[in-house]
Every structure is written in C-alpha cells, then in structure tokens.
Amino acid sequence: AGMNIGEAAKRSGVSAKMIRYYESAGLIAKAARSEAGYRHYADADLHRLRFIHRARELGFPVARIAELLSLWDNKSRSNGEVKRLAESHIVALNSEIAALQSMVKTLKRLTEACQGDGRAHCPILEDLAHAAVAPLTPRSQLKGARRT
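Residues numbered from 1 in each chain as written. Predicted model: local features only at pLDDT ≥ 70, side-chain atom pairs only at ≥ 80, totals over all residues. Heavy atoms only, no water.

A. Representation of the state of the cysteines within the structure. Evaluation of the coordinates by the stated rule reveals zero disulfides. Its sulfur unpaired, Cys114 is 4.1 Å from the next cysteine sulfur, which belongs to Cys122. (Disulfide = S-S within 2.5 Å.)

B. Spotlight on the environment of Ile124. Mapped onto the elements of the fold, Ile124 is located in helix α6 (residues 123-129). You can call Ile124 partly exposed: its relative accessible area is 23%. Discounting chain neighbours no more than four positions away, the residues touching Ile124 are Leu110, Thr111 and Cys114. (Helix = DSSP H or I, 4+ residues; strand = E, 2+ residues; numbered from the N terminus. Buried < 20%, exposed > 50% of the residue type's maximum accessible area, 1.4 Å probe, protein only. Contact = heavy atoms within 4.5 Å.)

C. Spatial organisation of the packing of helix α1 (residues 5-12) against helix α2 (residues 16-24). At a minimum axis separation of 9 Å, α1 and α2 run at an interaxial angle of 100°. Judged on the interaxial angle alone, α2 and α1 are roughly perpendicular. Along the contact surface, α1 presents Ile5, Ala8, Ala9 and Ser12, while α2 presents Ala16, Ile19 and Arg20. Residue classes in the contact of α1 with α2 are distributed as five nonpolar, one polar and one charged. (Axes fitted to C-alpha atoms, helices over the stretch in contact; angles between N-to-C directions. Parallel < 35°, antiparallel > 145°, perpendicular 65-115°, else oblique. Nonpolar A, V, L, I, M, F, W, Y, C, P; charged D, E, K, R; others polar.)

D. Fine view of helix α3 (residues 43-57). With 15 residues, α3 extends 21 Å between its outermost C-alpha atoms, agreeing within 8% with the 21 Å of an ideal straight helix rising 1.5 Å per residue. Buried within α3 are the following residues: Asp45, Leu46, Arg48, Leu49, Ile52 and Ala55. As for α3, its buried residues are in contact with α1, α2, β2 (39-40) and α4 (62-73). Phi turns positive, to about 85°, at Gly59, one or two residues after α3. (Expected span 1.5 Å × (residues − 1).)

Put into structure tokens, the structure is as follows:
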C-alpha cells in the first residue's frame, strides 16, 4: 500500500507541501491514491524525494533538478553531462556569492555612516529612498536565477 504523504515527508525530509509541488512539477510521478483519495508513496518515491531534497540543499533550481533526475533515470547517460550541469551551477553560485558580498559591503558602509544615536537623520533610509535606477542585483532576481 505504501506510506501516506505525512510519513513520506517525515522519511524524506521534504514537506508535504513540497511533495505536492514536486508532483505537480513532474519531478515525481503522480502518487497512487487510496479509495478515500489519499496519496500513497512507495519506497522508490521516497528515494526520488531524497535525491530532490539533496539537490535542493546544494541550491540546484527545479529545472536543473529535472535534468539531473532525467540523467539519473537514464542508465546510458554520460557522466560528462552531469559534470557540466554541476560546473554550470558552480558558476551561478559564485555569481550569487559575489552579489551577496557586494550587498554586505554596501550595508556595512551604510551602517558605519549611521550614528544610531536616536536622531531622525538616517543614511540607511536615505540610501533606500534615493537609490540609483540600477543598484545591486535584487535578492529576488538572485533567487529566481538560482531556484527556478
């Protein structure tokens, strides 16, 4: 019969909400259903969920995870393809790290300029209010680039 979604979540480290999302995204097969309509998962589903969970821990976006799963499923795959995906991801992560370091540097400069003495004048708020049209890469774009 298999395990319900709660048990699958507990045993895979993936929340029930994310299991449903991965199912809708096609990363895992549609779960078998009980007569009452509850999802049931087999050990193979659990193995796949753990694979996805680990790939997410390493920051792979969903689209890349789909590619990795496809390669994992393909026994005649080339490990060169897998390596190229991983190397491409390293470049993306390094780009994100550089952007984050730039954000930290800017915020340090702004916090050092702020006296924090209770007065109304605040260089941090002034910077936010008068930012250039194209400041640092917004965090939302970084997340999208990495985790789509």
